[in-house]
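So the chains spell out like this:
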Amino acid sequence: MSSRTPLIAGNWKMHKTGLQAAEAAGQLKRRVEKATDVEVMIAPAFTALYQVARALEGSNIALGAQNLYWEKQGAFTGEVSSEMLVEAGCTHVIIGHSERRSFFGDTDETVNRKIRAALSAGLVPVFCVGETEAQREAGETFSVLDKQVRDGLKDFVFDDLTGLVVAYEPIWAIGTGKTASREQAQEAHQFIRSLLDKLFGNPFASAVRILYGGSVKPNNVRSLMEMPDVDGALVGGASLDPETFSKLVFYNQ
Ligand code: PEP
């Protein structure tokens, strides 16, 4: 475990209406109110943000969105800007999730623009990277991560990136029940951190939080969190139920 404050983040994807999300957020708020030395974030669907923000008032849970568009406003049907997210109560935004990359055309270049827009609006970007199963089997994991990180963070200097969170999410482990072993997670996290050190220097690299995502559950979270470069988790399926998610938040008890 590192000295960086861990972040346990839930990605609710396209689950829960506004009412359902507010109800779950209210339950989670009660369950995690005594959590210390850990940050918690949930990212419901856009339509639920406003209601969830109200439900989380007075809590220690941060609100995130699952995506944004980089322009401030304009004729971009179906898109949502960083300013809209801030007004809805968000402090965080997930960027470059593998489902966005594979189903909705996000690329390293658009991810770069989205990270820039998030940071300029004061949002914490949770920047997702990760390899497919075929890439891992072909021994390409590090070259894939290298490209995603370099291109996603292209033209930034370390001062711009304050607050950035990286999430390593091997695509073969997302929603599949296959978790990376803690050694595989540590190896990838260490690779990412040393790349960030090369690109932006040690003060940034040693402070940046790198979350692991991919079938994190109550029975594996602690073992993953014990690894020195694992600073938290980005959780899909197991974040939907407040009782299960709160077990992840209290992973060290
Ligand atoms: C995710 O979608 O970011 C994720 C990690 O999902 P799951 O926990 O369900 O594998």
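What counts and how
- Residues numbered from 1 in each chain as written.
- Predicted model: local features only at pLDDT ≥ 70, side-chain atom pairs only at ≥ 80, totals over all residues.
- Heavy atoms only, no water.
- Buried < 20%, exposed > 50% of the residue type's maximum accessible area, 1.4 Å probe, protein only.
- Helix = DSSP H or I, 4+ residues; strand = E, 2+ residues; numbered from the N terminus.
- Pairing = 2+ DSSP bridges.
- Core = buried A, V, L, I, M, F, W, Y, C linked by side-chain atoms within 4.5 Å.
- Contact = heavy atoms within 4.5 Å.
- Salt bridge = Lys/Arg side-chain N within 4 Å of Asp/Glu carboxyl O.
- Near = heavy atom within 4 Å.
- Polar contact = N/O pair within 3.5 Å; in protein donor to acceptor, adjacent residues only side chain to side chain.
- Areas by Shrake-Rupley, 256 points an atom, 1.4 Å probe, with all protein chains shown as cover.
- Nonpolar A, V, L, I, M, F, W, Y, C, P; charged D, E, K, R; others polar.

Caption draft 1: Structural detail: the pairing of strand S6 (residues 165-168). Of the two faces of S6, the one carrying Val-165 and Ala-167 and the one carrying Val-166 and Tyr-168 are both buried. Sheet topology places strand S5 (residues 124-129) next to S6; four bridges connect them, and they run parallel. By the bridge assignment, Cys-128 is partnered in S6 with Ala-167. Relative to strand S7 (residues 209-213), S6 runs parallel, the two sharing four bridges. Paired with Tyr-168 across the strands is Tyr-212, a residue of S7.

Caption draft 2: Up close: unusual backbone geometry. Located in the positive-phi region is Lys-13, a residue other than glycine, with phi close to 50°. Checked against the element boundaries, Lys-13 lands in the loop between strand S1 (7-11) and helix H1 (18-32). In this model, Asp-155 sits at a positive phi of 70°, which is unusual for a non-glycine residue. Checked against the element boundaries, Asp-155 lands in the loop between helix H7 (141-152) and S6. Residue class for Asp-155 comes out exposed when judged on its relative accessible area of 65%.

Caption draft 3: Layout of the nonpolar core. Leu-153 and Leu-196 are the most contacted members of the largest nonpolar core, which totals 72 residues. Sequence-distant contacts of Leu-196, that is, excluding residues within four places in its chain, are made with Val-149, Leu-153, Val-166, Gly-201, Phe-204, Ala-205 and Val-208.

Caption draft 4: Spotlight on the pattern of salt bridges. Evaluated as defined, the whole model comprises 20 salt bridges. In this structure, Arg-150 engages Asp-146 in a salt bridge whose closest nitrogen and oxygen atoms are separated by 2.8 Å. Taken together, the residues span about one helical turn, with Arg-150 and Asp-146 both in helix H7 at a distance of four residues. Ionic pairing is found between Arg-182 and Glu-183, a salt bridge with its closest N-O pair at 3.9 Å. One salt-bridge network, held together by shared partners, links Arg-4, Arg-193, Asp-229 and Asp-231.

Caption draft 5: Expanded view of the site of the ligand. Within the structure, the ligand sits among 14 residues, and Lys-13, His-97, Glu-169, Gly-175 and Ser-215 are positioned closest to it. Here Glu-169 contributes a side-chain N or O atom positioned 2.7 Å from an oxygen atom of the ligand. For the ligand, an oxygen atom lies 2.8 Å from a polar atom in the backbone of Ser-215. When the ligand sits alone it has 290 Å² of accessible area, and the protein chains cover 98% of it. The residue makeup of the shell around the ligand, split by class, is four nonpolar, eight polar and two charged.

That is the geometry; function is a separate question.
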